[in-house]
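# Results of the structural survey
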Amino acid sequence: MFEFFKKKKKEEVTEEVTEEVVQEQEETVPEAVAETVPVEETEPEAEEEVIEETQPEPEEQPAPKKGWFARLKDGLTKTRDNFVAGMDSLFSNEDKIDDDFYDELEETLILGDIGVHTTDAILEKLKDAVKHEHIKKCSDCREFLIKTIKEEMATGETAYEFENRQSVVFVIGVNGVGKTTSIGKLASHLKSQGKRVILAAADTFRAAAGSQLEEWSHRAGVEMIGGVEGQDPSSVLYDAVSAAKARNADVLLVDTAGRLHNKKNLMEELKKMNRIIDKAFPDAHRENLIVLDASTGQNAMMQAKEFGEVADLTGIILTKMDGTAKGGIAIAITSELKIPVKYIGVGEKIEDLQKFNSDSFVDALFDVTPSEDEVND
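Residues numbered from 1 in each chain as written. Predicted model: local features only at pLDDT ≥ 70, side-chain atom pairs only at ≥ 80, totals over all residues. Heavy atoms only, no water.

## A short note on the overall build of the chain
If you tally the helices and strands in the chain, you get 14 helices and eight strands. Looking at the chain as a whole, 44% of its 377 residues qualify as buried. Restricting to contacts in the chain with at least 6 residues of sequence separation, those with at least 24 account for 78%. In the form shown here, the chain has an accessible surface area of approximately 20700 Å², with 49% of it arising from carbon and sulfur atoms. (Helix = DSSP H or I, 4+ residues; strand = E, 2+ residues; numbered from the N terminus. Buried < 20%, exposed > 50% of the residue type's maximum accessible area, 1.4 Å probe, protein only. Contact = heavy atoms within 4.5 Å. Areas by Shrake-Rupley, 256 points an atom, 1.4 Å probe, with all protein chains shown as cover.)

## A closer look at the confidence of the model for the chain
Per-residue confidence for the chain gives a mean pLDDT of 81; residues scoring 70 or more make up 79%. Overall, residues 1-14 carries pLDDT values under 50, and its contacts beyond four positions in sequence, including any with other chains, amount to zero contacts. Considering only residues more than four positions removed or in separate chains, one finds that residues 16-44, a stretch of pLDDT under 50, has zero contacts. (pLDDT = per-residue confidence, 0-100.)

## Some thoughts on the sheet that holds strand S7 (residues 341-345)
In space, the eight strands of this open sheet follow the order S3-S2-S4-S1-S5-S6-S7-S8, with mixed pairing throughout. The sheet terminates laterally at strand S3 (223-225) and strand S8 (353-355), the two strands that pair on one side only. For this sheet the average axis-to-axis angle between neighbouring strands, irrespective of direction, equals 25 degrees. Inspection of the sheet shows strand S5 (residues 285-293) paired to strand S6 (residues 315-319) by five bridges, in the parallel sense. Bridge pairing in S6 links Asp293 to Thr319. Where helix H8 (residues 209-220) meets the sheet, it contacts strand S2 (197-201), S3 and strand S4 (251-255), and its direction lies at approximately 170 degrees from that of S2. (Pairing = 2+ DSSP bridges. Axes fitted to C-alpha atoms, helices over the stretch in contact; angles between N-to-C directions.)

## Regarding the nonpolar core
Ranked by internal contacts, the top residues of the largest apolar core, which has 102 residues, are Phe101, Leu252, Leu253 and Phe361. Sequence-distant contacts of Phe101, that is, excluding residues within four places in its chain, are made with Leu90, Phe91, Leu126, Cys138 and Cys141. (Core = buried A, V, L, I, M, F, W, Y, C linked by side-chain atoms within 4.5 Å.)

## Some remarks on the packing of aromatic side chains
Evaluated as defined, the whole model comprises four aromatic pairs. Here Phe356 and Phe361 contribute two aromatic rings whose centre-to-centre distance is 5.3 Å and whose plane-to-plane angle is 50 degrees, an arrangement assigned as tilted. A residue is classified by how much of its surface remains accessible, and Phe356, at 4% relative accessible area, is buried. Over the aromatic face of Tyr102 sits the side chain of Lys127, whose NZ or CZ is 5.1 Å from the ring centroid. One residue, Arg219, lies across the ring of Trp216, its end atom 4.1 Å from the ring centre. (Phe/Tyr/Trp six-rings, centres within 6.5 Å; stacked < 30°, edge-to-face > 60°. Lys NZ or Arg CZ within 6 Å of the ring centre and 35° of its normal.)

## Comments concerning the environment of Asp322
Note on placement: Asp322 falls in the loop between S6 and helix H12 (329-337). Look at Asp322 and you get partly exposed, because its relative accessible area is 34%. Measuring from C-alpha to C-alpha, the distance between Asp322 and Thr79 comes to 8.9 Å, with 243 residues separating the pair along the chain. Excluding residues within four positions of it along the chain, Asp322 makes contact with Gly75, Gly345, Val346 and Gly347.

## Remarks on the layout of surface pockets
If you add up the space inside the second largest pocket, you get close to 190 Å³. For the lining of the second largest pocket, a count of residues per class yields three nonpolar, six polar and four charged. (1 Å grid on protein atoms, 1.4 Å probe; cavity = no way out; pocket = protein on both sides within 12 Å on 5 of 7 lines; lining within 4 Å. Points joined across faces, edges and corners; volume = space filled by probe spheres on them. Nonpolar A, V, L, I, M, F, W, Y, C, P; charged D, E, K, R; others polar.)

## Describing the side chain of Gln303
Among the structural elements, Gln303 can be located in helix H11 (residues 298-308). Judged by its relative accessible area of 14%, Gln303 falls in the buried class. Setting aside its immediate chain neighbours within four residues, Gln303 contacts Val174, Val177, Ile290 and Leu292.

Now the structure itself:
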């Protein structure tokens, strides 16, 4: 019984304590709420600041695509630094023109892979201009030199006639200069103009040449006619000509063997292939383009001379201009061999092979701002 009263007393005490705790909690709740209210108000501001900090950064956007002249100028940087910078130091001189000036200019041009023959021709014209046009200072010679080189490298009005006619184009050159790659890029260039292009894999002597050209045909989106390794190139050409006629193709691009070590065999092979064109496709316009690696300098000149003995070269595709300081060879080949550079490559992308324009090339080489017509050309 006493235990009952004890329990009851304990319960009453517990209830009283509980009521006191509840009252204390009720009294402190408003204060706690009051303290947390400012925190709730500041949270949205913190979120807004975070949102502002996580906005997309400008550098994530794709960089604007460079135009052809800008890419050409970038590609000629090494050549420009190699010998144009040296010439500019000569032309900045306000002294009178004398033999020392001519000697220094001659040395700079030759070191820039312009070649002895072309250098002599340029100096002869410059001396004549100094005499008859009354040029007095070294600084006045720069503009004349630029004009002279542009004239030497002009391609002529009919240089790209084959692009607008039903044509067969033989592409020749030694292995390793970028011949097959240039064919693929040229095919893409022609297709972008709405031309129907077919490739002929007639380099059947080099291992994997056919598969390499096939890969480029896929990239360019054009058809390829091929054979097997070791097959007679003329038989591949015959099949390609038949396909070009049946499909009414605009341009047939023919990859040929690059065996320069035996010119007699190469000459006979090209003669045989030309006879096939004469018989099977007599109305087609003919073009023989040689691919030269600009980075080889004077070796490129020798290759052009050697191939010129076995084929009637009508134009040059100059590759790898972006990685060499020997770009002056383009001036030498055009001036000495009288073979125009028709296409120039300054990169690895499929669009990095473009028509050659002497004005744009020389302006980019000498860091001259081109006219609007030259940029849009």
